[in-house]
Amino acid sequence: MVLTTAILDTVDELRQTVAALHGELTRNELVIWTAGNVSARVPGQDLMVIKPSGVSYDNLAGETMVVTDLFGNLVHGELAPSSDTAAHAYVYRHMPEVGGVVHTHSTYATAWAARGEPIPCVLTMIADEFGGDIPVGPFAIIGDDSIGRGIVETLRGSRSPAVLMQNHGPFSVGKDARSAVKAAVMVEDVARTVHIARQLGAPLAISQQDIDQLHQRYQNVYGQH
Ligand SMILES: O=C(CO)[C@@H](O)[C@@H](O)COP(=O)(O)O
């Protein structure tokens with residue numbers, strides 16, 4: 001596939017954005033070594049920008065980000081794409097509203113994934129960002145569409161932008177890559193808080209009505225408009 005000058009301009013800007021967002025994963029201590037990855041859909045194109053596989057975060061820059069089609073075929077860039085490219089691509093193919101995907105192995109969220117236990121909606125911040133319990137997706141081996149299918153099928157049944165893939169770790173989605181990174185940061189924060197709360201007792205439930213009210217406010221009123 002030959003990329004036109006207009007698409008290349010968009011891609012180059014997106015490569016810088018995705019590279020910078022990988023810095024948010026290390027800054028928020030969500031990844032170690034080369035684990036984790038961020039991607040962004042190229043607007044209006046069946047393309048995505050994603051991290052190259054196994055490259056140190058110290059060496060991630062716009063120029064090292066790669067571009068693939070939505071079946072994981074390399075279209076632009078020198079390096080091999082992330083080993084999670086198939087999962088990201090599957091999400092983009094089946095969830096047209098998603099513009100960004102993030103995967104980490106952040107400690108507390110991954111500990112919940114190891115138990116295959118959803119994070120209960122016992123904090124206002126969980127209601128705000130996730131709209132209910134943070135769901136668990138099925139165990140799936142990397143290498144084909146299994147992880148992507150598990151992410152999509154689980155998220156379709158939830159308001160949550162994050163899913164805890166059993167025995168693996170969190171994947172998060174958003175309207176753009178920055179929103180997906182935000183969900184990755186927040187799922188780790190609430191995973192830690194609920195874990196700590198449960199050490200000393202049973203966290204108290206929030207009513208569905210209150211969850212709905214909190215979610216609606218946060219998604220539609222919170223912040224600057
Ligand atoms: O979780 C996995 C694979 O599913 C890790 O290898 C992943 O975090 C990092 O892989 P990449 O360096 O993106 O290929």
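Being a predicted model, the structure only gives us computed values, none of them experimental.

J.: What should I look at first to understand the packing of aromatic side chains in this one?
T.: Enumeration over the complete set of coordinates arrives at one aromatic pair. Note on Tyr218 and Tyr222: the rings are 4.7 Å apart at their centroids and 25 degrees apart in plane angle, and the pair reads as stacked.

J.: Please explain the packing of helix α2 (residues 85-94) against helix α5 (residues 146-155) as it appears in this structure.
T.: For any two helices packed against each other, the geometry is given by the interaxial angle and the distance between the axes. Two elements in contact, α2 and α5, have axes whose closest approach is 7 Å; the angle formed by their N-to-C orientations is 45 degrees. Between α2 and α5, the angle falls in the class oblique. In this structure, α2 meets α5 at a crossing whose hand is right-handed. Here Ala87, Tyr90, Val91 and His94 of α2 lie close against α5, whose contacting residues are Ile147, Gly148, Arg149, Ile151 and Val152. Tallied by class, the residues present in the contact of α2 with α5 amount to six nonpolar, two polar and one charged.

J.: How do you make sense of the UniProt feature "domain: Class II aldolase/adducin N-terminal" (unreviewed entry) in the protein when you look at a structure like this?
T.: Mapped onto the present numbering, the UniProt feature "domain: Class II aldolase/adducin N-terminal" (unreviewed entry) falls at residues 16-195. Between the C-alpha atoms that bound residues 16-195 the distance is 35 Å, and the span itself is 37% helix and 18% strand.

J.: Sorry, what's going on with a nonpolar patch on the surface here?
T.: On the surface, Phe139, Ile141 and Ile142 cluster together into a nonpolar patch covering about 310 Å² of accessible area. Along the chain, Ile142 falls in the loop between β6 (136-137) and α5.

J.: Help me understand the site of the ligand in this model?
T.: The environment of the ligand is made up of 14 residues, and the closest members are Ser53, Gly54, Ser82, Ser83 and His105. At 2.8 Å, a backbone N or O of Gly54 approaches an oxygen atom of the ligand. The contact in question runs from an oxygen atom of the ligand to an N or O atom on the side chain of His168, over 2.9 Å. Protein burial of the ligand: of its 370 Å² of free accessible surface, 85% is covered by the chains. Here the shell around the ligand is built from residues that sort into two nonpolar, 10 polar and two charged.

J.: Can you walk me through unusual backbone geometry in this structure?
T.: Backbone geometry follows two general trends: most residues other than glycine have a negative phi, and most peptide bonds adopt the trans configuration. In this structure, Glu29 is a non-glycine residue whose phi angle is positive, near 55 degrees. Counting through the fold element by element, Glu29 comes out in the loop between α1 (5-27) and β1 (37-41). With a phi close to 55 degrees, Trp33 is a non-glycine residue in the positive phi region. Within the fold, Trp33 resides in the loop between α1 and β1.

Calculation rules
Residues numbered from 1 in each chain as written. Predicted model: local features only at pLDDT ≥ 70, side-chain atom pairs only at ≥ 80, totals over all residues. Heavy atoms only, no water. Phe/Tyr/Trp six-rings, centres within 6.5 Å; stacked < 30°, edge-to-face > 60°. Axes fitted to C-alpha atoms, helices over the stretch in contact; angles between N-to-C directions. Helix = DSSP H or I, 4+ residues; strand = E, 2+ residues; numbered from the N terminus. Parallel < 35°, antiparallel > 145°, perpendicular 65-115°, else oblique. Left-handed = near helix turned anticlockwise from the far one by under 90°. Contact = heavy atoms within 4.5 Å. Nonpolar A, V, L, I, M, F, W, Y, C, P; charged D, E, K, R; others polar. UniProt positions renumbered as here; feature names shortened; annotations may be inferred. Patch = residues over 30% accessible without salt bridge, like charges linked within 9 Å, V, L, I, M, F, W, Y side chains within 5 Å. Areas by Shrake-Rupley, 256 points an atom, 1.4 Å probe, with all protein chains shown as cover. Salt bridge = Lys/Arg side-chain N within 4 Å of Asp/Glu carboxyl O. Near = heavy atom within 4 Å. Polar contact = N/O pair within 3.5 Å; in protein donor to acceptor, adjacent residues only side chain to side chain.

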